Amino acid sequence: MTAKVTLSFSDETIEEARRFAKREGLSLSAWMDRAAREKALREVFNAHAAAVGRAGLDLESAAIADAHEVAMVDDVLFGGRPRAA
C-alpha cells in the first residue's frame, strides 16, 4: 500500500534526487521511498549498535573468535582440505 504525501525539498536536493533516480532507472517517488527506507534502517542499526556498545558487548571480537574456532575444527576434521559445500 502506498500513501500520497506532500513534501518540500530544496531545489538542490530535488535536482540531485531526480538525477540519481534517472541514473538508476527509477521514478523519483521510488527513489525517494528507497532513500527514506535506507535512512530509517541506518537509524535502527545505529541505535542497536549504540545499545550493544553501552552494554559492553564486543560482538566483533566474538565473531572473530568464532571464525577462528571454526577454522581450527575444520583443520582437525578436514586436515586443511576445503570442506564440501
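Residues numbered from 1 in each chain as written. Predicted model: local features only at pLDDT ≥ 70, side-chain atom pairs only at ≥ 80, totals over all residues. Heavy atoms only, no water.

1. Concerning the confidence of the model for the protein chain
- In this model, the protein chain carries a mean pLDDT of 89, and residues with pLDDT of at least 70 account for 94%.
- Confidence scores differ between elements of the protein chain, with helix α3 (residues 59-78) showing the lowest mean pLDDT of 87 and helix α1 (residues 11-23) the highest of 97. (pLDDT = per-residue confidence, 0-100. Helix = DSSP H or I, 4+ residues; strand = E, 2+ residues; numbered from the N terminus.)

2. Some details on the pattern of salt bridges
- Counting across every chain of the model gives five salt bridges.
- Salt-bridge contacts for E38 lead to R34; the nearest nitrogen and oxygen are separated by 3.7 Å. Taken together, the residues span about one helical turn, with E38 and R34 both in helix α2 (residues 28-54) at a distance of four residues.
- For E38, a relative accessible area of 39% puts it in the partly exposed group.
- Owing to a relative accessible area of 33%, R34 belongs among the partly exposed residues under this scheme.
- Of the charged contacts, one joins K39 and E43 as a salt bridge, the two residues approaching to 2.8 Å between their closest N and O atoms. Residue K39 and its partner E43 are both found in helix α2; the two are separated by four residues, about one turn of the helix.
- Looking at K39, the relative accessible area reads 42%, which means it is partly exposed.
- When its relative accessible area of 43% is taken as the criterion, E43 is described as partly exposed. (Salt bridge = Lys/Arg side-chain N within 4 Å of Asp/Glu carboxyl O. Buried < 20%, exposed > 50% of the residue type's maximum accessible area, 1.4 Å probe, protein only.)

3. Remarks on the layout of surface pockets
- Quantified by volume, the largest pocket comes out at close to 400 Å³.
- Residue lining of the largest pocket: 13 residues in total, with A3, V5, L7, S29 and M32 positioned closest to the centre.
- A total of six residues in the lining of the largest pocket trace back to one element, the largest contributor, which is α2. (1 Å grid on protein atoms, 1.4 Å probe; cavity = no way out; pocket = protein on both sides within 12 Å on 5 of 7 lines; lining within 4 Å. Points joined across faces, edges and corners; volume = space filled by probe spheres on them.)

4. Topic: α3
- In this model, α3 (20 residues) spans 28 Å end to end at C-alpha, consistent with the 28 Å of a helix rising 1.5 Å per residue.
- Looking one or two residues past α3, G79 carries a phi angle of roughly 55°, positive in sign. (Expected span 1.5 Å × (residues − 1).)

5. Observations regarding a nonpolar patch on the surface
- Taken together, the side chains of V5, L7 and F9 make up a nonpolar region of the molecular surface, amounting to roughly 310 Å² of accessible area.
- Note that L7 resides in the segment before α1.
- Residue class for L7 comes out exposed when judged on its relative accessible area of 59%. (Patch = residues over 30% accessible without salt bridge, like charges linked within 9 Å, V, L, I, M, F, W, Y side chains within 5 Å. Areas by Shrake-Rupley, 256 points an atom, 1.4 Å probe, with all protein chains shown as cover.)

6. Considerations on the packing of aromatic side chains
- Per the stated rule, a full pass over the model turns up one aromatic pair.
- Pairing F20 with W31 gives two aromatic rings, centres 5.8 Å apart and planes at 15°, and the pair type is stacked. Of this pair, F20 sits in helix α1 while W31 sits in helix α2; the two residues are 11 residues apart in sequence, bridging distant segments of the chain.
- The class for W31 is buried, based on a relative accessible area of 15%.
- Between the NZ or CZ atom of R19 and the centre of the ring of F20, over which it lies, the distance is 4.9 Å. (Phe/Tyr/Trp six-rings, centres within 6.5 Å; stacked < 30°, edge-to-face > 60°. Lys NZ or Arg CZ within 6 Å of the ring centre and 35° of its normal.)

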